[in-house]
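Here is how the chains run, residue by residue.
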Amino acid sequence: MSEKIKKIGLLTSGGDAPGMNAAIRAVVRTAISHGIEVIGVKKGYDGLINGEFRELKTRDVSEIIGRGGTILYTARCEEMHTQEGLKKAATVYDVLGLDALIVIGGDGSMKGAKELSKLGVNVIGIPGTIDLDMNCTEYTIGFDTAVNTGAEAISRLRDTSSSHQRCSVIEVMGRHAPYIAYWCAMVSGAEEVLVPDRVDEKGKNEVIQQVLENRSLGKFHNLIIVAEGVGGSQELAKDIEDITGIETRATILGHLQRGGSPTAIDRMHASVMGNMAVEEAVKGNRNCIIVFNKGRYEALDMDEALSMPPKDDGGLYDVIKVLSR
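Since this is a predicted model, take the numbers as computed values, not measurements.

A. Spatial organisation of the side chain of Thr 244. Looking at where Thr 244 falls in the secondary structure, it is placed in helix 8 (residues 233-244). Taking the relative accessible area as the measure of exposure, Thr 244 reaches 8% and is therefore buried. What Thr 244 contacts, discounting residues up to four positions off in sequence, is Ile 208, Val 211, Leu 212 and Arg 215.

B. Looking closely at a nonpolar patch on the surface. Nonpolar side chains collect at one region of the surface, where Val 319, Val 322 and Leu 323 lie side by side and expose about 270 Å² of accessible area between them. Mapped onto the elements, Val 322 comes out in helix 11 (residues 316-323).

C. A look at the packing of helix 5 (residues 143-163) against helix 6 (residues 179-188). In contact at an axis separation of 9 Å, helix 5 and helix 6 are set at 45° when each is read in the N-to-C sense. When the axes of helix 5 and helix 6 are compared, the pair comes out oblique. The hand of the helix 5/helix 6 crossing is right-handed. For the pair helix 5 and helix 6, contact is made by Phe 143, Ala 146, Val 147, Gly 150, Ala 151, Ile 154 and Arg 158 and by Tyr 179, Ile 180, Trp 183, Cys 184, Val 187 and Ser 188, respectively. A breakdown of the residues in the contact of helix 5 with helix 6 according to their chemical character gives 10 nonpolar, two polar and one charged.

D. Highlighting the packing of aromatic side chains. Inspection of the entire model under this criterion finds two aromatic pairs. With centroids separated by 5.2 Å and ring planes inclined at 85°, the aromatic side chains of Phe 143 and Trp 183 adopt a geometry described as edge-to-face. Placement of the pair is Phe 143 in helix 5 and Trp 183 in helix 6, with a sequence separation of 40 residues. Take Trp 183: its relative accessible area is 40%, and that puts it in the partly exposed class.

E. Just the packing of helix 3 (residues 83-96) against helix 4 (residues 107-117), in detail. Where helix 3 contacts helix 4, the two axes come as close as 10 Å, and the packing angle between them is 70°. Classified by the angle their axes make, helix 3 and helix 4 are roughly perpendicular. Residue-level contacts link Leu 86, Ala 89 and Ala 90 of helix 3 to Gly 112, Glu 115 and Leu 116 of helix 4. Of the residues in the contact of helix 3 with helix 4, the class split is four nonpolar, one polar and one charged.

F. Expanded view of the sheet that holds strand 8 (residues 222-227). As summarised here, the arrangement of the four strands in space is 7-8-6-9, forming an open sheet in which the pairing is parallel. In this open sheet, the two strands that pair with only one neighbour each are strand 7 (192-194) and strand 9 (248-252). Between one strand and the next, the sheet's axes are offset by a mean angle of 15°, whatever the strand orientation. As paired strands, strand 7 and strand 8 are joined by three bridges and run parallel to one another. When the bridges of strand 8 are listed, Glu 192 appears paired with Ile 224. Contacting strand 6 (167-172), strand 8 and strand 9, helix 5 crosses the sheet at an angle of about 165° to strand 6.

G. Region of interest: the layout of surface pockets. Of the voids in this model, the largest pocket is the one considered here, and its volume is about 470 Å³. Taken together, 24 residues make up the lining of the largest pocket; nearest its centre are Ser 13, Gly 14, Arg 76, Gly 108 and Ser 109. Sorting elements by how many residues they give to the lining of the largest pocket places helix 4 first, with five residues. Looking at the lining of the largest pocket residue by residue, the class counts come to five nonpolar, 10 polar and nine charged.

Scoring rules and cut-offs
- Residues numbered from 1 in each chain as written.
- Predicted model: local features only at pLDDT ≥ 70, side-chain atom pairs only at ≥ 80, totals over all residues.
- Heavy atoms only, no water.
- Helix = DSSP H or I, 4+ residues; strand = E, 2+ residues; numbered from the N terminus.
- Buried < 20%, exposed > 50% of the residue type's maximum accessible area, 1.4 Å probe, protein only.
- Contact = heavy atoms within 4.5 Å.
- Patch = residues over 30% accessible without salt bridge, like charges linked within 9 Å, V, L, I, M, F, W, Y side chains within 5 Å.
- Areas by Shrake-Rupley, 256 points an atom, 1.4 Å probe, with all protein chains shown as cover.
- Salt bridge = Lys/Arg side-chain N within 4 Å of Asp/Glu carboxyl O.
- Axes fitted to C-alpha atoms, helices over the stretch in contact; angles between N-to-C directions.
- Parallel < 35°, antiparallel > 145°, perpendicular 65-115°, else oblique.
- Left-handed = near helix turned anticlockwise from the far one by under 90°.
- Nonpolar A, V, L, I, M, F, W, Y, C, P; charged D, E, K, R; others polar.
- Phe/Tyr/Trp six-rings, centres within 6.5 Å; stacked < 30°, edge-to-face > 60°.
- Pairing = 2+ DSSP bridges.
- 1 Å grid on protein atoms, 1.4 Å probe; cavity = no way out; pocket = protein on both sides within 12 Å on 5 of 7 lines; lining within 4 Å.
- Points joined across faces, edges and corners; volume = space filled by probe spheres on them.

Dropping the structure here:
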């Protein structure tokens, strides 16, 4: 029988993602239902190291389920890349008398959590990143909202570009992962998508050749999605226009995709994951990450989760190309 959990810490780390507040709400209310005190740490690991925290009560998380961003704020913390910083964070954890620390964040945040676990910190991770760049889970908080935001923006741009028979080059977020680009390309009916893994296969000249072929087939508007990890959208647009004579515009969506009210899917998954993180802590499960795979939520060992190979993209690129004809 594990010792009763009396106090847990909670923080959001790395890039913010729509749905983080829904997870915070779920953690706080589930913990309180078990008689557990929740200490909210502000500004991620930086706040843990520098002692920025406050107790969270039920009313503190009222009406936040539909808010974007994170009420606990977030920041990137360079000190967590040093042994001194890690030891300081672990010391603060002990001084606060925490029995567990719940971390909501992406791959980098989970790696920080793993390092803390080696120093005796009991950590439970919740995947929160719009990039979907965690190999251990098919879903991460914020991805669905980011794709929906991107799809809406692309649809609006396509309307005006079609009216002028232009070519549109649109860069979406996702860091070095291809998933936002693939999904935005698929649901927007893009003619081409450039992602990091395929940038050598599908170079600039091939893209321009594709635009010319499409024009010969009677297509007077082309939509090209570029992943953030590829970049160079402005240069690509200029080259397309210079070589083909087709008026071309580049748009970088940027942090627009990070903000906004989370979709129902993000609220749903974030709420269940937040609840499950606390339940796992109560059961005595430690150093794990809450994941969603094949329609099921589960708690994976943190070492196992972070050592998993990259996910297969399911042949999304080939489907996009077939449907773009």
